[in-house]
Amino acid sequence: MKVYSSLPAAAAALSVALISVNGFAPTHLSMQTHSITSQLNSVDRRTKTKNPLINCPLTKPLATAITIFSLAITTLSTNPQPTQAADYGAFTDEQRFIAEAWRTVDSVYIDRTFNSQNWFQMRQDAIKKKYNNINEAQAEVEKMLSTLGDRYTRYLPPSKYESIVNAATGNLYGVGVELAQSGDRVIASDVEPNSPASRGGLERNDVFVEVDGVKFDDGKATPDDVAVVVRGPEGSKVGVVVERDGKKIDYILTREPIKITSVRSYMGGDKPGVDGKVGVVRIKNFSGTTADTVKEQLEDLKKKGAKNIVLDLRGNPGGLLPGGVDTASLFLETNKPVVFVADKNGVVDAQSTFKDGIDLETPLVILVDRNTASAAEVMTAALQENKRALVAGEQSFGKGIVQTIRQLEEGKNGGVAVTIARYETPEHHNINKQGITVDVKTNVDCEKTDALACLPKEAFRKI
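Residues numbered from 1 in each chain as written. Predicted model: local features only at pLDDT ≥ 70, side-chain atom pairs only at ≥ 80, totals over all residues. Heavy atoms only, no water.

Colleague: Before we move on, can you summarise the pairing of strand β19 (residues 415-424) with the specific residues and values?
Modeller: Burial analysis of β19 places nine of its 10 residues in the buried class, which makes it a mostly covered element. Here strand β4 (residues 154-156) pairs with β19 via three bridges, running antiparallel. What sits directly across from Tyr 155, in β19, is Val 416. Here four bridges tie strand β14 (residues 337-343) to β19, and the two strands are oriented antiparallel to one another. Bridge assignment links Phe 340 to a residue of β19, and that residue is Glu 424. (Buried < 20%, exposed > 50% of the residue type's maximum accessible area, 1.4 Å probe, protein only. Helix = DSSP H or I, 4+ residues; strand = E, 2+ residues; numbered from the N terminus. Pairing = 2+ DSSP bridges.)

Pasting the structure below:
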């Protein structure tokens, strides 16, 4: 089984502590598995070439700031890869586990200098050691991967790996809260309406301090770390401690099946200084059906008299890369570049539009914030650099790398997440750890149901 996602793990850029009953998986835990492979292999809009215009060396070490659930593209693979070594049969179980983990990372990792260290010697040193149990071997793998200086490339213990697999296949449930990285804290970037979290009293920007006795106040926690503990069996209880306005608040919530409404629209009405009514489409994350849903919402807004459109991507951690590409394509002419994805060998997957979009003229504004990441940044950059939209708000997160998740020993000893590629914008900018610079700086703290309150009239100026 393979699941592709553009989920910001180490800013996962944002993972979500919920899962729906009909196949949605995390980062908003809303990743869909159907029709994904066909989208990724669409020959109509992609070609693989060596790209002479890419200036950033692929050997440069890549670091990140978000969790596995917010990756630019994530591949979840349950097909084991045999470890190949002449003396493999003489290894202990623990040594075989370490050798397999090393080989899995070695085969696909994008930085072929491995953070300018002797990666092979590291393997030799690790498998020469004697281990009393598998826990010691797992700790050795964690230590080995930590030397790469890439928070996205990491060992996934069995419980975390199983949680990711179960979330992707719809077997876990949650409380309906989206998680985001804010500095060294994990916060609730949004709360799903009529969810256990909203009914219980959790609010946007609450800081997660503790979940079921596991503390997250050491400055090292990621949204993925918190999400793994928040999710669990349907009907089970979960204790959550958050900090709000300097005070700690305890909640006991019951996990339920959660279906995220990833796209919502509304009429924002008239905006002083803006010609015509403004319609708003809020996209919380990208899935395989996002483009179709956005298309429907656009048609509905136009019937209601919208002459300007705002795409609200605040707090959007990404999701499926094809969802971001297809949504951008709704607003672009044919043969316009959308994104370039470069692997460890410098082979570039160039993704462009293959037909005219449905709306090439309506004035378009994109509202982003510091938690807008991954596939959401792909869409934003595509529309900004093709001169189709103005971008307002604040600098986006900066998630421009691609990961794969691979099981180890058929999953019984967890797996590894590995950075395998990076992407560039249509003008070949590498936004990883940089983000997208907005055209109009503005406040982003208005309500998610009133994006117009954040936007000055300057955001609607002609491009």
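Picking up after the structure, the text goes on.
Colleague: Mind laying out helix α3 (residues 119-128), listing which residues take part and the relevant values?
Modeller: For α3, the complete set of buried residues consists of Trp 119, Met 122, Arg 123, Ala 126 and Ile 127. The arc that holds the buried residues of α3, viewed along the axis, is 120°, so those residues lie on one side. The inward-facing, buried residues of α3 contact α2 (93-108) and α4 (134-146). Its side-chain oxygen placed 3.4 Å from the backbone nitrogen of Phe 120, Asn 118 serves as the N-cap of α3. (Arc of directions from axis to C-beta. Contact = heavy atoms within 4.5 Å. Polar contact = N/O pair within 3.5 Å; in protein donor to acceptor, adjacent residues only side chain to side chain.)

Colleague: An account of the state of the cysteines is needed here, citing residue identities and associated values.
Modeller: By the definition in use, this model includes one disulfide. Sulfur-sulfur distance for the disulfide between Cys 446 and Cys 454 comes to 1.9 Å. On the sign convention where negative means left-handed, the S-S torsion of about -120° between Cys 446 and Cys 454 marks this disulfide as left-handed. Here Cys 446 falls in the buried class, since its relative accessible area comes to 8%. Taking relative accessible area as the criterion, Cys 454 reaches 2% and is therefore assigned buried. (Disulfide = S-S within 2.5 Å.)

Colleague: Please provide a residue-by-residue account of the packing of aromatic side chains, values included.
Modeller: Within the structure shown, the criterion is met by five aromatic pairs. Ring geometry for Phe 97 versus Tyr 155: centroids 5.8 Å apart, planes at 80°, classification edge-to-face. Of this pair, Phe 97 sits in helix α2 while Tyr 155 sits in strand β4; the two residues are 58 residues apart in sequence, bridging distant segments of the chain. Each member of the pair, Phe 97 as well as Tyr 155, is classed as buried. For the ring pair Phe 114 and Trp 119, a centre distance of 4.9 Å and an interplane angle of 0° mean the geometry is stacked. By relative accessible area, Phe 114 is classed as buried at 6%. (Phe/Tyr/Trp six-rings, centres within 6.5 Å; stacked < 30°, edge-to-face > 60°.)

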